[in-house]
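Residue strings, one per chain:
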Amino acid sequence: MPPKTPEDPEQNPYDLLEISQEATEAEIRTAYRTRSLKVHPDRNRNDPNAAQKFHALTTASTLLLDPLRRLALDAQLRLQAAKKQRFASYDNKRKAMVSELEEREKEFKKARMAKEQERTARESENMRIREEGRRMREQREKELELQELERQCARTKPELNGIVEEEFLAPPPPSDLDTTIRIKYALSSYPALSTASALTAHLRRYGEIDEGTVVMSQKAKKSKKSKGLVDGEMIVTALVPFNQLGAAFAVVSSAESLKERGMDVAWAGGSEPPILGWLRERGELGGPAANRAEPLPTKPTPEGTTFGSFPSSFPALDDVAPPPPPAAKAGIDYESLTLLRMREAERARLEKEILEAEAAEGG
């Protein structure tokens, strides 16, 4: 963008270059060269205004070397000179009037600017008040929502407490392995317990057992001396499902005494069924919450003794009783056939679990 024509007399291009208005183009170039060498920033490093002076000289030279712009500048300078001469010819009264008009114009401009600033400040204040009102309204709405939420929580808290209490008191879901135990023993310690029917008869004193779902596996012990076992002897692993949970619990509760006799007993699932913990909390297994007037029901054994579901009343495992003769099979209806197939599927699954467990122990 070309530099503007200086209106301030101090910025008169002719005065900056120290030439007259009748100077030729060659005189302008010569004057610019002479003056620029004197004020050049490289030669005046200690002058902080050297760059500004050099720029003013360059602007003045560029303007005067443009014929059309120089023509406009000369006309402006002539008008300024005529105005100054005309003002000088005024008497004191007219000079005072002109000065008063100029002062009034300045005051008017100042008042208009102040009024504009006041309007801008008023709009800013109104905007601030509107924003503050909006913020307070949103905060009040949030407080009302929070109060409504607290009231709803207070109304639903008793219901939630009842639901939580019901869920806490609800028994855990049943599992297929709740009544199944895992037994492991050396065949040399119990030579008579080589078949599922014999093992069923041996454990039937604790409770009824579905002989058809008993899974038994025999495997030679590898070269690993532990638990008093001899290398190469046969180890029997069996999964025995009882019909009732109390019978399975009775066998597992006597695991220590059975282990002394060479038989390891544990839950088939690897841990105690959750339903036993629920029963224990309700005092159904003789825990601290139990307060019964009558003892747990007992079942007579073939020898005529009775025992409950606690280790103190469990019978000792003596000689193995002979297996009972198989009952005569009546006609099988559809329901019995379906139950038989389900038992066979459960037996196949338990056999698979035993094989996988033995493979993991062997590895």
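Refer to the structure printed above.
Structural notes, computed from the coordinates. (Residues numbered from 1 in each chain as written. Predicted model: local features only at pLDDT ≥ 70, side-chain atom pairs only at ≥ 80, totals over all residues. Heavy atoms only, no water.)

### A look at the overall build of the protein
Step number 1: Within the protein, the secondary structure is distributed over 10 helices and 6 strands.
Step number 2: Put simply, 62% of the contacts in the protein that link residues at least 6 apart link residues at least 24 apart. (Helix = DSSP H or I, 4+ residues; strand = E, 2+ residues; numbered from the N terminus. Contact = heavy atoms within 4.5 Å.)

### As for the sheet that holds strand β3 (residues 234-241)
In any sheet, the strands associate via hydrogen bonds between backbone groups, in a parallel or an antiparallel arrangement.
Step number 1: Taken together, 4 strands build an open sheet; the order of strands is β2-β3-β1-β4 and the sheet is antiparallel. Strand pairing shows two members of the sheet lacking a second neighbour, β2 (215-220) and β4 (263-267), which therefore form its edges. In this sheet, adjacent strand axes meet at a mean angle of 15 degrees when their direction is disregarded.
Step number 2: Pairing geometry for strand β1 (residues 180-186) and β4, over 5 bridges, is antiparallel. Among the inter-strand pairings, arginine 182 is bridged to a residue of β4, identified as alanine 266.
Step number 3: Sheet strands touched by helix α7 (residues 245-253): β1 and β4. Its angle to β4, the strand with the most contacts, is close to 135 degrees. (Pairing = 2+ DSSP bridges. Axes fitted to C-alpha atoms, helices over the stretch in contact; angles between N-to-C directions.)

### Digging into helix α2 (residues 25-39)
Step number 1: For α2, spanning 15 residues, the distance from its first C-alpha to its last is 21 Å, which sits close to the expected 21 Å at 1.5 Å a residue.
Step number 2: Those residues of α2 lying buried are Ile28, Ala31, Ser36 and Val39. For α2, the angular spread of the buried residues around the axis is 125 degrees, confining them to a single face.
Step number 3: In this structure, the buried residues of α2 make contact with α1 (13-17), α3 (50-64) and α4 (67-89). (Expected span 1.5 Å × (residues − 1). Buried < 20%, exposed > 50% of the residue type's maximum accessible area, 1.4 Å probe, protein only. Arc of directions from axis to C-beta.)

### Notes on the nonpolar core
Step number 1: One finds Ile181, Val240, Phe242 and Val265 to be the most contacted residues of the largest nonpolar core, which totals 32 residues.
Step number 2: Where this core is concerned, the elements lending two or more residues are β1, α6 (196-203), β3, α7, α8 (255-260), β4 and α9 (274-281).
Step number 3: Top contributing element to this core by residue count: α7, with 7 residues.
Step number 4: Contact partners of valine 265, with chain neighbours within four places excluded, come to Ile181, Arg182, Ile183, Val251, Val252, Ala255 and Leu258.
Step number 5: By size, the runner-up hydrophobic cluster in this structure holds 12 residues, among which are Ala23, Ala31, Leu63 and Leu64. (Core = buried A, V, L, I, M, F, W, Y, C linked by side-chain atoms within 4.5 Å.)

These results come straight from atomic positions and should not be treated as a statement about function.
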